[in-house]
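The lines below spell out each chain.
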Amino acid sequence: MRKATTLALLATGLVALGCGAGSTDDATSSKGDSISSKADAGGAKGDDKPAKVAKIGQPARDGKFEFTVKSSKCGVAKIGTDMLGAKAQGQFCLVTVNVKNIGKESQMFDGSSQKAYAANGTEYSADGGAAIYANKNAETFLNDINPGNQVTGVVVFDIPKNIKIAKLELHDSPFSGGVTVSLT
């Protein structure tokens, strides 16, 4: 009975997350240099123009979020303290990102929806467990951000020691198109 209830709650949660997936607002930028997501890059006729790629310090938009990558630091072996922390399988790359809700309703930011890519195209997922130790207030763990508000947090990637991250793909939800930010 308890197992069935847990599965039902989990299924309901996944359906709820899926209901808001892919929704976007037509929010306008106060700055003209913001980069839009792949889904927003095409014209009204559905042109297949590739999205522009943002750089560190440049705002980039996906759905209801405007992301600004502040910094990236790789080569970190351990996060946290001796008693409470995480040790990298390879190396941790800590990406500090500001996330602003540019929509008209609350949106949940989940650091585990973010992706990193090596120059050869290999995809790396975020390490949500390690991010708990890299953020004092769980800024990147299921953080509900109201319209106009913003948070700055660290998204953590555990990648092999001999690899460098070339770009990030940042998402406002697990199912959004994402926006690319170059780290090189």
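Note that the structure is predicted; figures quoted are calculated from it, not measured. Every chain is numbered on its own, with residues counted from 1 as its sequence reads. Reporting in this predicted model follows two pLDDT cut-offs: at least 70 for local features of residues, and 80 or more for side-chain atom pairs to be given and counted; totals over whole chains, interfaces and linings ignore these cut-offs and use all residues. Side-chain numbers here rest on the full set of heavy atoms in the structure, without hydrogens or water.

Enquirer: What is the right way to look at the pairing of strand β3 (residues 65–80) in this model?
Expert: Note on strand geometry: in a regular strand, side chains alternate between the two faces of the sheet. The rule for pairing is simple: two strands pair if DSSP sees at least two bridges between them. The secondary structure listing takes helices from DSSP runs of H or I that are at least 4 residues long and strands from runs of E that are at least 2 residues long, numbered from the N terminus. The sheet contact formed by strand β2 (residues 60–62) and β3 spans three bridges and is antiparallel. Of the residues in β3, the one forming a bridge with Ala 60 is Phe 67. Remark: two residues form the turn of the hairpin made by β2 and β3, two consecutive strands paired antiparallel; Gly 63 in that turn has positive phi of roughly 60°. Relative to strand β4 (residues 85–101), β3 runs antiparallel, the two sharing 12 bridges. If you follow Ile 79 over to β4, its bridge partner there is Ala 86. Counting the residues in the hairpin turn of β3 and β4 gives four residues.

Enquirer: Can you walk me through a nonpolar patch on the surface in this structure?
Expert: Patch membership is restricted to residues that have no salt bridge and whose relative accessible area is over 30%. Joining uses 9 Å for like charges and 5 Å for the nonpolar side chains Val, Leu, Ile, Met, Phe, Trp and Tyr. For the accessible areas, the method is Shrake-Rupley and the probe is 1.4 Å, while residue cover comes only from the protein chains on display. Each salt bridge in this description consists of a side-chain nitrogen of Lys or Arg and a carboxyl oxygen of Asp or Glu lying within 4 Å of one another. Together, Met 83, Leu 84, Ile 132 and Tyr 133 make up a nonpolar patch on the protein surface, roughly 480 Å² of accessible area in all. By the element assignment, Tyr 133 lies in helix α3 (residues 128–134). When accessible area is computed with a 1.4 Å probe and restricted to protein chains, residues below 20% of their type maximum are described as buried, those above 50% as exposed, and intermediate ones as partly exposed. Residue class for Tyr 133 comes out partly exposed when judged on its relative accessible area of 35%.

Enquirer: Before we go on, may I ask you to explain the sheet that holds β3 in this structure?
Expert: Neighbouring strands of a sheet are bound in pairs by backbone hydrogen bonds; such pairs are parallel or else antiparallel. Here four strands make up an open sheet; going across it, the order is β2-β3-β4-β9 and the pairing antiparallel. Each having just a single partner strand, β2 and β9 (150–159) make up the two edges of the open sheet. Mean inter-strand twist for the sheet, computed between neighbouring axes without regard to direction, equals 40°. Fitting a line to C-alpha atoms yields each axis, with helices limited to the stretch in contact; the angle taken between N-to-C directions then spans 0 to 180 degrees.

Enquirer: Got a minute to help me understand the state of the cysteines in this structure?
Expert: By definition, a disulfide links two cysteine residues through a covalent bond between their sulfur atoms. The disulfide definition used here is simple: a pair of cysteine sulfur atoms within 2.5 Å. With the rule as written, the count across this model stands at one disulfide. Each sulfur in the disulfide pair Cys 74 and Cys 93 lies 2.0 Å from the other. Around the S-S axis, the bridge from Cys 74 to Cys 93 shows a dihedral of about 115° and counts as right-handed. In this pair, Cys 74 is assigned in strand β3 and Cys 93 in strand β4, connecting sequence segments 19 residues apart. Taking relative accessible area as the criterion, Cys 93 reaches 0% and is therefore assigned buried.

Enquirer: When you look at the pattern of salt bridges in this model, what are you seeing that I'm missing?
Expert: Side-chain pairs of opposite charge can arise whenever the charged atoms involved come near each other. Under the definition given, this model contains four salt bridges. With its nearest N and O atoms 2.9 Å apart, the salt bridge here joins Lys 64 to Glu 105. Of this pair, Lys 64 sits in the loop between β2 and β3 while Glu 105 is found in the loop between β4 and β5 (107–109), placing the two residues 41 residues apart along the sequence. Of the residues examined, Lys 64 reaches a relative accessible area of 3% and is grouped as buried. Look at Glu 105 and you get partly exposed, because its relative accessible area is 47%. Between Asp 82 and Lys 78 there is a salt bridge whose closest N-O contact spans 3.0 Å. A relative accessible area of 40% places Lys 78 in the partly exposed class.

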